[in-house]
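Topology and contacts: notes
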Amino acid sequence: MRFFSAVLLILNIILCTQAFALVAKSPSDVYTQADVLKQKVIYLRQQAGIKAKYPKIALQKNKSPRHVLQKSLEVLAKINRYRIINNYGQMSIPNYPSRAITPSDVYYYVKRLNMEVTPFIDNDQLRGKKFLNSLTLKDYKNKTPSDVYQLLWSVSLAFDPLLGIRGFTPTDVYEQSETIVAIAKFLRQSQGEFSKIIKP
């Protein structure tokens, strides 16, 4: 009987967790996570002794969740490069999904960015622990995908000095371009489009 009760309790917890995870997220929720990411990147820049001002980005318009997801993947690639530079090893970077993107999708990507950046903060030091404990999730309202895109773009640019001279090289850009071409070919073939593309 106890075993049966324990199984029911575990199933109940799993179902509640899944129901909680499936709550639809809004652009404001994504912005909240991106704002925490920004604070962490500002801290990393201070930790690295970077004196340059945090980059400002012009107001963005007409951005959709897919644009924000693309920008979050760009930031993830830079975090991956930073991991390699600091001997943390490579991490997996997912391909761009071939379906409609929702704010909920973007939310979990940006939350991952937050988790991937955290190990670089000097958590062993009192200052690092104090900083991490001071982070709070602000309750933003009426944010749009364009607002989130603007914030993530500033995070992406702010990350560049952390990469130093070992940032993105022309070879890296070429490799990324090849990946994009391969994905585009896959998407065309999955839609039954096999016509040859003429190079411009």
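Above this note sits the structure.
Keep in mind it's a predicted model, so treat the numbers as computed, not measured. Throughout this document, residue positions are counted from 1 along each chain, in the order its sequence is written. pLDDT decides what is reported in this predicted model: residues at 70 or higher carry local features, side-chain atom pairs at 80 or more are listed and counted, and totals for whole chains, interfaces and linings draw on all residues regardless. To obtain the side-chain values, all non-hydrogen atoms of the structure were included, while hydrogens and water were left out.

**A look at the overall build of the protein**
We count it as follows: The way it works is that DSSP assigns letters per residue, a run of H or I at least four long becomes a helix, a run of E at least two long becomes a strand, and they are numbered from the N terminus. Relative accessibility under 20% of the residue-type maximum defines a buried residue, over 50% an exposed one, and the middle range a partly exposed one, all with a 1.4 Å probe and only protein chains included. Only heavy atoms matter for contacts: two residues are in contact if any of them lie within 4.5 Å across the pair. Using a 1.4 Å probe, accessible areas were evaluated by the Shrake-Rupley method; residue-level cover was limited to the displayed protein chains.
Counting its regular elements, the protein contains seven helices and zero strands. Put simply, the protein runs from its N terminus to its C terminus through helices and strands in the order α-α-α-α-α-α-α. Every one of the 200 residues in the protein was classed for burial, and the buried ones make up 36%. Considering only contacts within the protein whose residues lie at least 6 apart along the sequence, 82% involve residues at least 24 apart. Summing over all exposed atoms, the protein offers an accessible surface of approximately 13,300 Å²; the carbon and sulfur share of this is 58%.

**Some words on the layout of surface pockets**
Over the atoms a probe the size of a water molecule is rolled, and this reveals where empty space is left. Rules: Only protein atoms enter the 1 Å grid used here, on which a cavity is any set of points holding a 1.4 Å probe that cannot leave and a pocket is any open set flanked by protein within 12 Å on both sides along at least five of seven lines; residues with an atom within 4 Å of a point are listed as lining. Grid points are joined across faces, edges and corners, and a volume is the space filled by probe spheres set on the points. Each residue gets one of three labels, nonpolar for Ala, Val, Leu, Ile, Met, Phe, Trp, Tyr, Cys and Pro, charged for Asp, Glu, Lys and Arg, and polar for the others, Gly among them.
Each pocket or cavity is described by its volume, and for the largest pocket that value is around 820 Å³. Taken together, 23 residues form the lining of the largest pocket, with L73, E74, A77, Q176 and I180 sitting closest to its centre. For the lining of the largest pocket, the secondary structure elements donating two or more residues are α3 (65–85) and α7 (170–190). When residues in the lining of the largest pocket are grouped by element, the largest group, 10 residues, is from α7. Its residues assigned to classes, the lining of the largest pocket comprises 12 nonpolar, six polar and five charged.

**Brief notes about the pattern of salt bridges**
This is how the line gets drawn: Should a side-chain nitrogen of Lys or Arg be within 4 Å of a carboxyl oxygen of Asp or Glu, the pair is scored as a salt bridge.
One pass over the full model with this rule turns up six salt bridges. Notably, a salt bridge pairs R83 with E116, separated by 3.8 Å at the nearest N-O pair. Here the residue R83 occupies a position in helix α3, and E116 occupies one in helix α4 (residues 103–117), the gap between them amounting to 33 residues. Side by side, R83 and E116 carry an identical accessibility label, which is buried. A single network of salt bridges, built from pairs that share partners, joins R83, R112 and E116.

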